[in-house]
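Summary of the model geometry
If you want the building blocks of each chain, they are given just below.
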Amino acid sequence: MASPVRARRRWRWTCFRDEGATADDVLSDFRLSEAPINVSYLAKIMGVGLFPTRRPLCPEWSHEVSVGDRNQAKIFFAADLPEDEARFAVAHSLGHLLLDHPIREVRFDLRTNMHGAGESEANDFALDLLCPRSLVERGELEAVRIANEFVIPVRWARTRVAGIVRDRERKT
């Protein structure tokens, strides 16, 4: 059987979607194991366009993802987002694409709307992609350190720490 890497010669995001790929699958296929994960590279190699824009997005949205003809995916995000928020917005949008959420155009504000149809799942995907548990558990479980090392918003680093602590408590 061909390896997943060789089987995906074109590296299209639709290949990952069609195979039900997880964030761990994506990291493994691209052999990414060091923080911070280069999410812009992932989007580019998967054929997803990234468009930081100064055009005013609707005021309540920080980013949007759309899929056009021939599965051309585009992620637009506010150019003035802090780097950690922009990275999470891109990873979150990749999550929508790879998890096969129904998309024509999805708009989302990371600062206020963290729930809803598919949003929680896309948030989990983004967190697993940018801040893999296996890498986090190597160091001290301190949210600010994790946020800085993985270049993610502190609130998401706190979410990762809380999940690890909760899982450890269940095991004892």
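Residues numbered from 1 in each chain as written. Predicted model: local features only at pLDDT ≥ 70, side-chain atom pairs only at ≥ 80, totals over all residues. Heavy atoms only, no water.

This model, assessed by the stated rule, comprises 5 salt bridges. Between Asp128 and Arg160 there is a salt bridge, and its shortest N-O distance comes to 2.7 Å. Taken as a pair, Asp128 in helix H6 (residues 119–130) and Arg160 in helix H9 (residues 154–171) lie far apart in primary sequence, 32 residues in all. The exposure class of Arg160 is buried, given its relative accessible area of 5%. (Salt bridge = Lys/Arg side-chain N within 4 Å of Asp/Glu carboxyl O. Helix = DSSP H or I, 4+ residues; strand = E, 2+ residues; numbered from the N terminus. Buried < 20%, exposed > 50% of the residue type's maximum accessible area, 1.4 Å probe, protein only.)

Where a protein is soluble and globular, its nonpolar side chains tend to be buried together. If you look at the biggest cluster of nonpolar residues, it comprises 42 residues, and the most contacted ones within it are Val26, Val48, Leu94, Leu129, Ile146 and Ile152. Examining the composition of this core, we find that 8 residues originate from one element, helix H5 (residues 83–98), more than from any other. Apart from residues no more than four positions distant in its own chain, Leu94 is found in contact with Val39, Ala43, Met46, Val48, Ile75, Phe125 and Leu129. (Core = buried A, V, L, I, M, F, W, Y, C linked by side-chain atoms within 4.5 Å. Contact = heavy atoms within 4.5 Å.)

One can find His96 in helix H5. A polar contact is formed between the side chain of His96 and the side chain of Glu119, at a distance of 3.2 Å. (Polar contact = N/O pair within 3.5 Å; in protein donor to acceptor, adjacent residues only side chain to side chain.)

All right, on to the confidence of the model for the protein then. Reading fine detail from the predicted coordinates is not recommended where pLDDT is low. Here the protein shows a mean pLDDT of 79. Residues at 70 or above account for 73%. The element-level mean pLDDT for the protein is lowest in helix H1 (residues 4–7), coming to 43, with helix H8 (residues 143–150) highest at 94. Low pLDDT (under 50) marks residues 109–115, which in the prediction has 21 contacts with non-local residues, meaning those over four places away or in another chain. (pLDDT = per-residue confidence, 0-100.)

Attention now goes to the packing of H5 against H6. Where H5 contacts H6, the axes come no closer than 8 Å and their chain directions differ by 120°. Considering the angle they form, H5 stands oblique to H6. As H5 packs across H6, the resulting crossing turns out to be right-handed. Together, Arg87, Phe88, Ala91, His92, Leu94, Gly95, His96 and Leu98 of H5 and Glu119, Ala122, Asn123, Phe125, Ala126, Leu127, Leu129 and Leu130 of H6 make up the contact between the two elements. Per-class residue counts for the contact of H5 with H6 are 10 nonpolar, 4 polar and 2 charged. (Axes fitted to C-alpha atoms, helices over the stretch in contact; angles between N-to-C directions. Parallel < 35°, antiparallel > 145°, perpendicular 65-115°, else oblique. Left-handed = near helix turned anticlockwise from the far one by under 90°. Nonpolar A, V, L, I, M, F, W, Y, C, P; charged D, E, K, R; others polar.)

Any two aromatic rings considered together are summarised by their centre-to-centre distance and by the angle between their planes. Tallying each qualifying case throughout the model produces 3 aromatic pairs. Between Phe30 and Tyr41, the aromatic rings sit 6.3 Å apart at their centres with planes inclined by 75°, giving edge-to-face as the arrangement. One end of the pair, Phe30, is in the loop between helix H3 (23–29) and helix H4 (39–45); the other, Tyr41, is in helix H4, with 11 residues separating them in the sequence. Where Phe51 meets Phe76, the ring centres are 5.2 Å apart and the plane angle is 25°; that geometry is what we call stacked. Placement of the pair is Phe51 in strand S1 (residues 49–53) and Phe76 in strand S3 (residues 73–78), with a sequence separation of 25 residues. Since its relative accessible area comes to 18%, Phe76 is described here as buried. (Phe/Tyr/Trp six-rings, centres within 6.5 Å; stacked < 30°, edge-to-face > 60°.)

Below, the discussion takes up the pairing of strand S2 (residues 63–67). With 5 of its 5 residues buried, S2 lies for the most part within the structure. Side-chain alternation along S2 places His63, Val65 and Val67 on one buried face and Glu64 and Ser66 on a second face that is also buried. Relative to S3, S2 runs antiparallel, the two being bridged by 5 bridges. Bridge pairing links Val65 to Ile75 in S3. (Pairing = 2+ DSSP bridges.)

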